[in-house]
Amino acid sequence: MGCWGDCVYKACSGWLLLNRRELALSERDIILNRDVYKGSPKYEKIALDIAYSIYHGLLKEGEKIKGRSTLAGRYNVSPETIRRSIKLLSDMGVVDVIPKSGIIIKSKKNAYGFIQKYQSKNEFLMLIENLKTLDEEKQDIEKKIKKQLDSIIEHKMQLRNVG
């Protein structure tokens, strides 16, 4: 039956329990839980989670994963969300979808390629977020500088009037 029949699988929980083995917090979990990825669609996170499971050998090439409904239950999402996740993986050659049969793991190498592509996209988004944060900090500093300059000018005017 393969791994999926014996697994308790929860996405984004920080722990993955497979055949009574725990995979502690790893690069995979960090990617799925980082604040910058919270805005990413669920279907991308699920596709990434499956790709990580393939890349780390938790799912093997040639192994069959049950259909959309089963995965939807495991991830607590709609079958449409799973369809979109599997479509991403299928487009990258990670899995093959066999109608009315299931999903076959096709390529560990392509799973790694998918992970790299996703990371590059999200690193770009993280850079944009960091730039926004820096710009907000810059604006705050500029406000403080203006306030200090106004205080200096006010004090100078008071000193001029005193003398």
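Residues numbered from 1 in each chain as written. Predicted model: local features only at pLDDT ≥ 70, side-chain atom pairs only at ≥ 80, totals over all residues. Heavy atoms only, no water.

Colleague: So what exactly am I meant to see when it comes to the environment of Val97 here?
Modeller: Relative to the assigned elements, Val97 resides in strand β4 (residues 95–98). Of the residues examined, Val97 reaches a relative accessible area of 46% and is grouped as partly exposed. If near-sequence neighbours (up to four positions away) are discounted, Val97 is found in contact with Ile86, Ser90 and Gly102. (Helix = DSSP H or I, 4+ residues; strand = E, 2+ residues; numbered from the N terminus. Buried < 20%, exposed > 50% of the residue type's maximum accessible area, 1.4 Å probe, protein only. Contact = heavy atoms within 4.5 Å.)

Colleague: Can you walk me through the pattern of salt bridges in this structure?
Modeller: Pairing is possible between side chains that carry opposite charge, provided their charged atoms lie close to one another. All told, the structure shown has 6 salt bridges when counted by the stated rule. Between Glu129 and Lys132 there is a salt bridge, and its shortest N-O distance comes to 3.9 Å. Note that Glu129 and Lys132 are positioned in helix α5 (residues 108–162) at a spacing of 3 residues, about one turn of the helix. Judged by its relative accessible area of 47%, Lys132 is partly exposed. (Salt bridge = Lys/Arg side-chain N within 4 Å of Asp/Glu carboxyl O.)

Colleague: Could you clarify how one ought to interpret the nonpolar core in this entry?
Modeller: In a soluble, globular protein the nonpolar side chains are often hidden away together inside. Core analysis: the largest hydrophobic core is formed by 24 residues, its most contacted members being Ile50, Ile54, Ile82, Ile86, Leu89 and Val95. At the level of elements, α2 (42–55), α3 (68–75), α4 (79–91), β5 (102–105) and α5 are the ones that each hand at least two residues to this core. Discounting residues that sit within four places of it in the chain, Ile86 has contacts with Ile50, Leu71, Val95, Val97 and Ile103. (Core = buried A, V, L, I, M, F, W, Y, C linked by side-chain atoms within 4.5 Å.)

Colleague: It is not clear to me how a negative patch on the surface should be interpreted in this structure. Could you clarify?
Modeller: There is a patch of like negative charges on the surface, built from Asp135, Glu136, Glu137 and Asp140. By secondary structure assignment, the location of Glu136 is in helix α5. Take Glu136: its relative accessible area is 51%, and that puts it in the exposed class. (Patch = residues over 30% accessible without salt bridge, like charges linked within 9 Å, V, L, I, M, F, W, Y side chains within 5 Å. Areas by Shrake-Rupley, 256 points an atom, 1.4 Å probe, with all protein chains shown as cover. Lys, Arg positive; Asp, Glu negative; His and termini not counted. Charge placed at Lys NZ, Arg CZ, Asp CG, Glu CD.)

Colleague: Sorry, what's going on with the packing of α2 against α5 here?
Modeller: Each pair of packed helices can be summarised by the angle the axes make with each other and by the distance between the axes. Where α2 meets α5, the closest approach of the two axes is 8 Å, and the angle between their N-to-C directions is 140°. In terms of orientation, α2 lies oblique with respect to α5. The chirality of how α2 crosses α5 is left-handed. Taken together, the residues of α5 that come into contact with α2 (itself represented by Glu44, Lys45, Ala47, Leu48, Ala51, Tyr52, Ile54 and Tyr55) are Lys108, Ala111, Tyr112, Phe114, Ile115, Tyr118, Gln119 and Lys121. (Axes fitted to C-alpha atoms, helices over the stretch in contact; angles between N-to-C directions. Parallel < 35°, antiparallel > 145°, perpendicular 65-115°, else oblique. Left-handed = near helix turned anticlockwise from the far one by under 90°.)

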